[in-house]
Amino acid sequence: AFLNPGVRIIIEDERTDDINDFHYEGGLASFVEYLNRNATPIHEPIIISGFKSDVQVDVAVQYNNTFKEKMYSFANNINTIEGGFHLSGLKGGLTRTINAYATSDYMPKNMKVKIGGDDIREGLTAIVSVKIKNPQFEGQTKTKLGNSDVKGIVESLVNEHLATYLQENPSVAKQIIAKA
């Protein structure tokens, strides 16, 4: 239900009359808010969505006050727990974009630094979901996406949309960089 906004899944236990209704209009934004329910978010979820080269990419990113990284990846609604090229693209796009902003003229001189990827992902909750025509999974369990072209697509969309978001929301950008 998180991965497909507007879908409603109802599970009814006829033995106990318990009903569970799963419906999240917010999609991935609702997912990161749900994952961050026990932490204090430092900003609203950042949503990145786009379609490029027959690949639909949806990303939600939110930083919180913890130091734990939570990243989840999905390909055609399959949880790719071992990651793959879509997760690599997200990590690369985040690191490159935040570093570009951190070393730009938007930041005061005392905050201009080069930040490592591990530091950028501290306190990050992120989800990347791709929908592709011919997914290639590595291994029998389908836990890692092997389509190498997806990395560049995800990375460029994250770079483009996140850079715009950071420029339009400088206070959030400074909070993210200060946390890193």
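Residues numbered from 1 in each chain as written. Predicted model: local features only at pLDDT ≥ 70, side-chain atom pairs only at ≥ 80, totals over all residues. Heavy atoms only, no water.

A. Up close: helix α1 (residues 28–35). Summarising burial for α1: six of the eight residues are buried, a large majority. By the burial criterion, the buried members of α1 are Leu28, Ala29, Ser30, Phe31, Val32 and Leu35. In this fold, the buried residues of α1 make contact with β3 (46–52), β4 (55–63), β5 (70–75) and β7 (124–132). (Buried < 20%, exposed > 50% of the residue type's maximum accessible area, 1.4 Å probe, protein only. Helix = DSSP H or I, 4+ residues; strand = E, 2+ residues; numbered from the N terminus. Contact = heavy atoms within 4.5 Å.)

B. Broad picture of the pairing of β5. Burial within β5 is extensive, with five of its six residues counted as buried. One ladder, built from six bridges, connects β5 with β7; its direction is parallel. What sits directly across from lysine 70, in β7, is threonine 125. Hairpin connection between β5 and strand β6 (residues 78–79): a loop of two residues separates the two successive antiparallel strands, and asparagine 76 in this loop has a positive phi of roughly 50°. (Pairing = 2+ DSSP bridges.)

C. Spotlight on the pattern of salt bridges. Taken as a whole, this structure holds six salt bridges when the rule is applied. Glutamate 69 is the salt-bridge partner of arginine 121, the closest N and O atoms lying 3.2 Å from each other. Highlighted residues: arginine 121 in the loop between α3 (117–120) and β7 and glutamate 69 in the loop between β4 and β5, separated in sequence by 52 residues. For glutamate 69, a relative accessible area of 33% corresponds to the partly exposed category. In this structure, glutamate 155 engages arginine 96 in a salt bridge whose closest nitrogen and oxygen atoms are separated by 3.9 Å. Of the two residues, glutamate 155 sits in helix α4 (residues 149–168) while arginine 96 sits in helix α2 (residues 85–102), which places them 59 residues apart along the sequence. (Salt bridge = Lys/Arg side-chain N within 4 Å of Asp/Glu carboxyl O.)

D. View of the packing of aromatic side chains. If you walk through the whole model with that rule in mind, you get five aromatic pairs. Centroid distance phenylalanine 2 to phenylalanine 31: 4.5 Å. Interplanar angle 0°. Geometry classified as stacked. One end of the pair, phenylalanine 2, is in the segment before β1 (8–13); the other, phenylalanine 31, is in helix α1, with 29 residues separating them in the sequence. With respect to burial, phenylalanine 2 and phenylalanine 31 carry one shared label: buried. Here phenylalanine 31 and tyrosine 72 contribute two aromatic rings whose centre-to-centre distance is 6.3 Å and whose plane-to-plane angle is 20°, an arrangement assigned as stacked. Pair noted here: phenylalanine 31 is in helix α1 and tyrosine 72 is in strand β5, with a separation of 41 residues, a long-range link. (Phe/Tyr/Trp six-rings, centres within 6.5 Å; stacked < 30°, edge-to-face > 60°.)

E. Fine view of the sheet that holds β7. Pairing in this open sheet of five strands is mixed, and the strands run β3-β4-β7-β5-β6 from one edge to the other. Each having just a single partner strand, β3 and β6 make up the two edges of the open sheet. Two strands pair when backbone bridges link them, and β3 and β4 are joined in this way by seven bridges, in the antiparallel orientation. Paired with lysine 52 across the two strands is valine 55, which belongs to β4. Relative to the sheet, α4 contacts β3, β4 and β7, its axis offset from that of β3 by approximately 135°. (Axes fitted to C-alpha atoms, helices over the stretch in contact; angles between N-to-C directions.)

F. Summary view of unusual backbone geometry. Backbone geometry places serine 53, a non-glycine residue, at a positive phi of 50°. With relative accessibility at 60%, the residue serine 53 sits in the exposed group. Even without being glycine, asparagine 76 reaches a positive phi, approximately 50°. Topologically, asparagine 76 is positioned in the loop between β5 and β6. Judged by its relative accessible area of 27%, asparagine 76 falls in the partly exposed class.

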